[in-house]
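# Residue-level structure breakdown
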Amino acid sequence: MNKKGMAASLLTAVMLVSAGCGGSDTAGTGDKGGADSGSAGGPKKVVFWHAMGGANTKVVDQLVADYNASQDKIKVEAVFQGSYDDLLSKLKASMGTKEGPSVVQMYEIGSRFMIDSKMVTPMQNFIDADKYDLTQLEPNITGYYTFNDKLFSMPFNTSNPVLYYNKDLFKTAGLDPEKPPTTYEEFQKAAEAISKTGKATGGNFAIYGWFMEQFFANQGAEYINNGNGRKELATQSLVNSEAGVQTLTWWKNMVDSKAMNNLGRKTDDSKKAFSAGQVGMILDSTAALKGLVDSSKGKFEVGTGFLPKPANAKDGGVVVGGASLWIMNDRADDEQKATWDFIKFLTSPKEQAYWHINTGYFPITKKAYDEQSVKDNMKNFPQFQTAVDQLHQTKLNTATQGAVMGVFPEARQIVEGAIEEVLNNKKSPKDALDAAAKDITSKIEKYNKTVK
């Protein structure tokens, strides 16, 4: 089956496909032509598709402008393509044509599709050819995008979840504002203490499948079988295992006791309630830190803590979220090499420092933390040190490396539906997760049949 046929087969089989393991060694060899990649003698054109909207669009544009100004042989054109889902849809539509990008930003749960499409050149090919020192990058970040010991894409915007808490409400409730809860049990006690003050509800978790995935990883528990889908293709969801049932039972008990409230699926609603002082604790991405700290100025002090886990949990940690950069293999070899040059520029300490400070995402390059601008930023937002410590203290294993399956976006939706059923008293945690696991497993089986 040709590349276009392979992509079409996958697209027909699944509406949304995702986060990767295993994979092709497909590399760019020979002149593959492609869209206008620069006239003879002129700079080589590199087209960069991304999904960084709002203020982040300006940050991406500045990085591209800085790169273009740094040399005259390559010209990068950044094209905002809407949301992650919009970008994925547009990329699918472009496959097999000359209208696609040289490099594309894809959210982590799109990794499985990117590999199975056989339309990408593994980043490892350029790393090996260039003798690029991969040890300069954060191993707990590159770990997610490493399959069969090869780095398939370059991490770009990276985050993980942290606990945000209102230090003023902690004081009012008689809690130590410098000691955030670290276990499920401590979290529940703190939430109950805050609620009893009558000043606010103890906490809120947005109904977000990403949080459930993180709770699994933090218990050292795998989300799907076959080593979280990394030893071989996953065939079964494990969301109904003890780790899932225990987590959802804990969550449900706190909502029932009014220690926590249920504001639905939107993380924005959770953040608004926190910033307004209506809830004492929330979970959110590290990328939300600056906004939450700024919105609380003059009202209360924001504290940060590690993601809580059961007191008896095994070694675990957090899984990185966000997106990475993929080089498309239907572009000419010189265009792919030009794209690699741009990507190397983005990973430099100076550029990573700029990216981190202006977006709140992690630097992927270790030496970025030595940049004075990052040191100054850490003084202004000391809460971010929690996120750095949590990342570095995570032990990389199949649980914390992250689950990878071909129907991840769909799986998240199914899990969110199960959580809603439980919080709305329609099903018990076990029954809801049993049904979710069965549904996800069925979709995994259908997807796997499309992979050649």
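Residues numbered from 1 in each chain as written. Predicted model: local features only at pLDDT ≥ 70, side-chain atom pairs only at ≥ 80, totals over all residues. Heavy atoms only, no water.

### Observations concerning the overall build of the chain
Going by this rule: Helix numbers and strand numbers start at the N terminus; a helix is a DSSP run of H or I with at least 4 residues, a strand a run of E with at least 2. With C-alpha atoms as the basis for the radius of gyration, the globule rule is written as 2.2 Å multiplied by the number of residues raised to the power 0.38. Throughout this description, buried means an accessible area under 20% of the type-specific maximum (1.4 Å probe, protein chains only), exposed means over 50%, and partly exposed covers the range between. Note on contacts: a residue pair qualifies if any of its non-hydrogen atoms lie within 4.5 Å across the two residues. Every accessible area reported is derived by Shrake-Rupley at a probe size of 1.4 Å, with residue values counting cover from the shown protein chains alone. Counting rule for charge: Lys and Arg are taken as positive, Asp and Glu as negative, and neither His nor the chain ends is counted. For the purpose of locating charges, the reference atoms are NZ of Lys, CZ of Arg, CG of Asp and CD of Glu.
When its secondary structure is counted, the chain shows 20 helices and 13 strands. Computed over C-alpha atoms, the radius of gyration of the chain comes to 22 Å, within 12% of the 22 Å expected from 2.2 N^0.38 for 452 residues, which places it in the range of a compact globule. The principal-axis extents of the C-alpha atoms in the chain amount to approximately 70 × 50 × 30 Å. Counting all 452 residues of the chain, 57% fall into the buried class. Taking the intrachain contacts of the chain between residues at least 6 apart in sequence as the baseline, contacts between residues at least 24 apart amount to 79%. About 17,900 Å² of surface is accessible on the chain, with carbon and sulfur atoms providing 49% of the total. Charge-centre separation for the chain: the mean point of 52 positive side chains lies 2 Å from the mean point of 52 negative side chains.

### Considering the pairing of strand S13 (residues 321-328)
As a reminder of what qualifies: When DSSP finds at least two bridges between two strands, those strands are taken to pair.
The element S13 is largely enclosed, with a buried count of eight among its eight residues. Both strand S3 (residues 103-107) and S13 contribute to a ladder of five bridges, which runs antiparallel. Bridge pairing in S13 links Met-106 to Ser-324. Relative to S13, strand S4 (residues 120-121) is paired through two bridges, and the arrangement is antiparallel. Bridged to Thr-121 within S13 is Ile-327. Inspection of the sheet shows strand S7 (residues 154-159) paired to S13 by five bridges, in the antiparallel sense. Its bridge partner being in S13, Met-154 is matched across the sheet by Leu-325.

### Considerations on helix H13 (residues 289-296)
As a reminder of what qualifies: The directions from the helix axis to the C-beta atoms are what the arc is built from.
Taken together, the buried positions of H13 are Leu-289, Leu-292, Val-293 and Ser-296. What you see down the axis of H13 is that its buried residues fit within an arc of 95°, all on one side. Looking at the residues trailing H13, positive phi occurs at Gly-298, about 80°.

### Structural notes on the pattern of salt bridges
Where side chains of opposite charge bring their charged atoms close, a pairing between them can arise. We apply this condition: Salt bridges, as used here, are contacts in which a Lys or Arg side-chain nitrogen is within 4 Å of a carboxyl oxygen on Asp or Glu.
Taken as a whole and judged by the stated rule, the model has 18 salt bridges. Between Asp-315 and Lys-395 there is a salt bridge, with the nearest N and O atoms lying 3.2 Å from each other. Residue Asp-315 is located in the loop between strand S12 (302-305) and S13, and its partner Lys-395 is located in the loop between helix H17 (384-393) and helix H18 (398-401); the two are separated by 80 residues in the primary sequence. It is possible to trace a salt-bridge network through shared partners that takes in Glu-108, Glu-213 and Arg-412.

### Some words on unusual backbone geometry
Its identity is not glycine, yet Asp-149 carries a phi of approximately 65°, on the positive side. Within the secondary structure, Asp-149 is located in the loop between strand S5 (146-147) and strand S6 (150-151). Of the residues examined, Asp-149 reaches a relative accessible area of 75% and is grouped as exposed. Backbone geometry at Asn-226 places phi at a positive 55°, although glycine is not the residue there. Residue placement: Asn-226 occurs in helix H10 (residues 225-229). Classification of Asn-226 as partly exposed rests on a relative accessible area of 24%.

### Points about the packing of aromatic side chains
Using the following cut-off: Aromatic contacts are taken between Phe, Tyr and Trp rings whose centres are within 6.5 Å, Trp giving its six-membered ring; a plane angle under 30 degrees counts as stacked, one over 60 as edge-to-face, and the others as tilted. Charge-over-ring placement is defined geometrically: NZ (Lys) or CZ (Arg) within 6 Å of the ring centre, and within 35 degrees of the ring normal.
Across all of its chains, the model carries 27 aromatic pairs by this definition. With a centroid separation of 3.7 Å and 0° between ring planes, the pair formed by Tyr-184 and Trp-250 is classed as stacked. Of this pair, Tyr-184 sits in helix H8 (residues 184-196) while Trp-250 sits in helix H11 (residues 242-256), placing them 66 residues apart in sequence. Exposure remark for Trp-250: the relative accessible area of 6% places this residue in the buried category. An aromatic cluster of at least three residues, connected via ring pairs, comprises Phe-48, Tyr-67, Phe-156, Phe-342, Phe-345, Trp-355 and Tyr-361. Positioned above the aromatic ring of Tyr-144 is the side chain of Arg-230, whose terminal nitrogen or guanidinium carbon lies 5.2 Å from the ring centre. Arg-412 extends its terminal NZ or CZ atom over the ring of Phe-408, reaching a point 5.5 Å from the ring centre.

These figures capture arrangement, not role.
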